[in-house]
Amino acid sequence: MRNYTTEADPTPLVGPRLDTLLPELIAFRRDLHAHPELSFQEFRTTDKIVERLEAAGLAPKRLEGTGVVVDIGEGPIATALRGDIDALPIIEETGLPFASLNHGVTHACGHDVHTACALGAALVLAEQHREAPLGATVRIIFQPAEETMPGGALSCIDQGVLSGVPRIMALHCDPRIEVGRIGTRIGSITSASDTIRIELQGRGGHTSRPHLTEDLVFALSQIAINVPAVLSRRVDVRSGVSMVWGHISAGAAPNAIPAVGHLSGTMRCLDRDAWHSAGELLDEVVEQVAAPYGVDVRLEHTRGVPPVVNSEHETALIEAAARAELGEDAVVLTPQSMGGEDFAWFLAEVPGSMFRLGTHVPGGEEYDLHRGDLVVDEAAVSCGVRVLAAAALRSIRH
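Remember, predicted model here, so these are calculated numbers, not experimental data.

1. Remarks on empty space enclosed by the protein
Step number 1: Across all of its chains, the model carries one cavity of 30 Å³ or more by this definition.
Step number 2: Its boundaries defined by the atoms lining it, the largest cavity holds a volume of some 30 Å³.
Step number 3: Surrounding the largest cavity, Arg 29, His 33, His 107, Gly 110, Asp 112, Val 113, Leu 374 and Val 376 form its lining.
Step number 4: Those elements giving two or more residues to the lining of the largest cavity turn out to be helix H1 (22-34) and helix H3 (111-131).
Step number 5: Looking at the lining of the largest cavity residue by residue, the class counts come to three nonpolar, three polar and two charged.

Printed below as a string of structure tokens:
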């Protein structure tokens, strides 16, 4: 293998190493796609990852239940790379020849691609280390249960996967970005996400006499309207706090005030500090808004994940890797997302960065994540491997 370097950047190029490996990675990704597994149930997926890493002469370690961690190289850890491995409870509608064989479960968020990219990075780095020692260690984390709240990352951290790790990097498929490009952003790239469930109880009664009971429907409506309004005035607007309701239900008859009603939704926020303060404030505001109507309030506030906040240095490593591997125009600024991502828990411990991996076929049909018809351009697998591995190599030297 020639040493693909330039005077300006001595980091070996990853791309040439993928000529023989890429078909295998595509087949691996398709196998995972056909056999998707839900959060903390990724037993087959874990077995497949371990088998391939061991075949490459590596010593992967199984995490409790599901998930894998493997170290490549020698010496202090330079960086960790993370790939999430779980699927979603969604019926696949792609019609692909390797469509899900597990009815009602599919890789509708691209985690099969993430896993293949992380595996490819591990195999490429292992080959590089055999030819010329890396001079440090790169840790690859195959993380279970990203699609749950508060996320499988916490379990990984509790098991010590970040011990000795100075930084961490990851990718996420993005069907809005053309394949061959990546999206980056310094600062918050995703949102914090909490789930709010409220139950109101009263005595019920006739709609002709609301003054003799607790007008529960009216109370629900006031919470639905006023809680988001109060948050928007009590929390710095630059933090992007958003309280949006997804479900409201109460009663059945037009002339009967019900005795029970329900309201649920999500609170999202782009600022980590504001997420903590807004969460405490929300509980207080719900009680205050409901108080004048005499209803009993049962509030279930499930703290989800903080925002993913990308550091400048690690983002620069990723961008340099992408430009070297994919071309000077390969990096685009990605917008902030109000979706939640448990990679944030890793970044609460060490600096790091997540980038968006383009999966859209230029001129092709547009898709979105968490949809049963999601189809990705498999050329993205090569791009993901190259950027992850190249960023890891740069972390050793920088």
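2. Quick look at the sheet that holds strand S8 (residues 192-201)
Step number 1: Reading across from one edge, S10-S12-S8-S13 is the order of the four strands in this open sheet, with antiparallel pairing throughout. Since the sheet does not close on itself, it has two edges, and those belong to strand S10 (242-250) and strand S13 (296-305), each with one partner. In this sheet, adjacent strand axes meet at a mean angle of 15° when their direction is disregarded.
Step number 2: Direction of pairing for S8 relative to S13: antiparallel, over a ladder of eight bridges. Bridge pairing in S13 links Glu 199 to Arg 298.
Step number 3: The sheet strands contacting helix H5 (residues 216-234) are S8, S10 and strand S12 (260-269), and the helix crosses S10 at an angle near 175°.
Step number 4: Sitting on the sheet, helix H6 (residues 272-290) is in contact with S8, S10, S12 and S13, with an inclination near 170° to S13.

3. A few points about H3
Step number 1: With 21 residues, H3 extends 30 Å from end C-alpha to end C-alpha; this agrees with the ideal 30 Å at 1.5 Å per step.
Step number 2: Within H3, 18 of the 21 residues are buried, leaving the element largely enclosed by the surrounding structure.

4. A closer look at the side chain of His 107
Step number 1: Note on placement: His 107 falls in the loop between strand S3 (77-84) and H3.
Step number 2: For His 107, the side chain forms a polar contact with the main-chain nitrogen of Asp 112, separated by 3.4 Å.

5. What about unusual backbone geometry?
Step number 1: With an omega dihedral of 10°, the bond running from Met 149 to Pro 150 counts as a cis peptide bond.
Step number 2: For Pro 150, the location among the structural elements is in the loop between strand S4 (137-143) and helix H4 (153-158).
Step number 3: Phi at Ala 145 is positive, roughly 60°, even though this residue is not glycine.

6. Section: the layout of surface pockets
Step number 1: Counted as a void, the largest pocket has a volume near 600 Å³.
Step number 2: Along the walls of the largest pocket sit 29 residues, with Cys 109, Glu 147, Gly 339, Gly 340 and His 370 positioned nearest its centre.
Step number 3: Looking at the lining of the largest pocket, the elements that each hand over two or more residues are strand S5 (168-178), S8 and S12.
Step number 4: Top element by residues in the lining of the largest pocket is S5. It accounts for five residues.
Step number 5: The class makeup of the residues in the lining of the largest pocket is eight nonpolar, 11 polar and 10 charged.

7. Points about H1
Step number 1: Over its 13 residues, H1 extends 18 Å from the first C-alpha to the last, a length consistent with the 18 Å expected when each residue adds 1.5 Å.
Step number 2: Those residues of H1 not exposed but buried are Leu 25, Ile 26, Phe 28, Arg 29, Leu 32, His 33 and Ala 34.

8. A closer look at the pairing of S3
Residues in a regular strand project their side chains so that they alternate between the two faces of the sheet.
Step number 1: Most of S3 sits out of view: eight of its eight residues are buried.
Step number 2: Bridge analysis of S3 against S4 gives seven bridges, and the strand direction is parallel. By the bridge assignment, Thr 79 is partnered in S4 with Val 138.
Step number 3: Between the parallel pair S3 and S4, the chain is carried across by H3, and the sense of this crossover is right-handed.

9. Here we look at the side chain of Glu 42
Step number 1: For Glu 42, the position within the fold is in the loop between H1 and helix H2 (43-55).
Step number 2: At 3.0 Å, the side chain of Glu 42 forms a polar contact with the backbone nitrogen of Phe 40.
Step number 3: For Glu 42, the side chain forms a polar contact with the main-chain nitrogen of Ala 145, separated by 2.9 Å.
Step number 4: In contact with Glu 42, not counting residues within four places along its chain, are Glu 37, Thr 66, Ile 85, Asp 86, Pro 144 and Ala 145.

10. Remarks on the environment of Asp 174
Step number 1: Assignment of secondary structure puts Asp 174 in strand S5.
Step number 2: For Asp 174, a relative accessible area of 3% gives the class buried.
Step number 3: Taking C-alpha positions, Asp 174 is 5.7 Å from Arg 356, a pair spaced 182 residues apart along the chain.
Step number 4: Residues in contact with Asp 174, not counting those within four places in the same chain, are Thr 334, Arg 356, Leu 357, Gly 358, Thr 359 and His 360.
Step number 5: Here Arg 176 takes part through its side chain, which lies 2.8 Å from a polar atom of the side chain of Asp 174.

About the criteria used
Residues numbered from 1 in each chain as written. Predicted model: local features only at pLDDT ≥ 70, side-chain atom pairs only at ≥ 80, totals over all residues. Heavy atoms only, no water. 1 Å grid on protein atoms, 1.4 Å probe; cavity = no way out; pocket = protein on both sides within 12 Å on 5 of 7 lines; lining within 4 Å. Points joined across faces, edges and corners; volume = space filled by probe spheres on them. Helix = DSSP H or I, 4+ residues; strand = E, 2+ residues; numbered from the N terminus. Nonpolar A, V, L, I, M, F, W, Y, C, P; charged D, E, K, R; others polar. Pairing = 2+ DSSP bridges. Axes fitted to C-alpha atoms, helices over the stretch in contact; angles between N-to-C directions. Contact = heavy atoms within 4.5 Å. Expected span 1.5 Å × (residues − 1). Buried < 20%, exposed > 50% of the residue type's maximum accessible area, 1.4 Å probe, protein only. Polar contact = N/O pair within 3.5 Å; in protein donor to acceptor, adjacent residues only side chain to side chain. Right-handed = clockwise from strand over helix to strand, strands pointing away.

Such coordinate-based values are descriptive only and should not be taken to indicate function.
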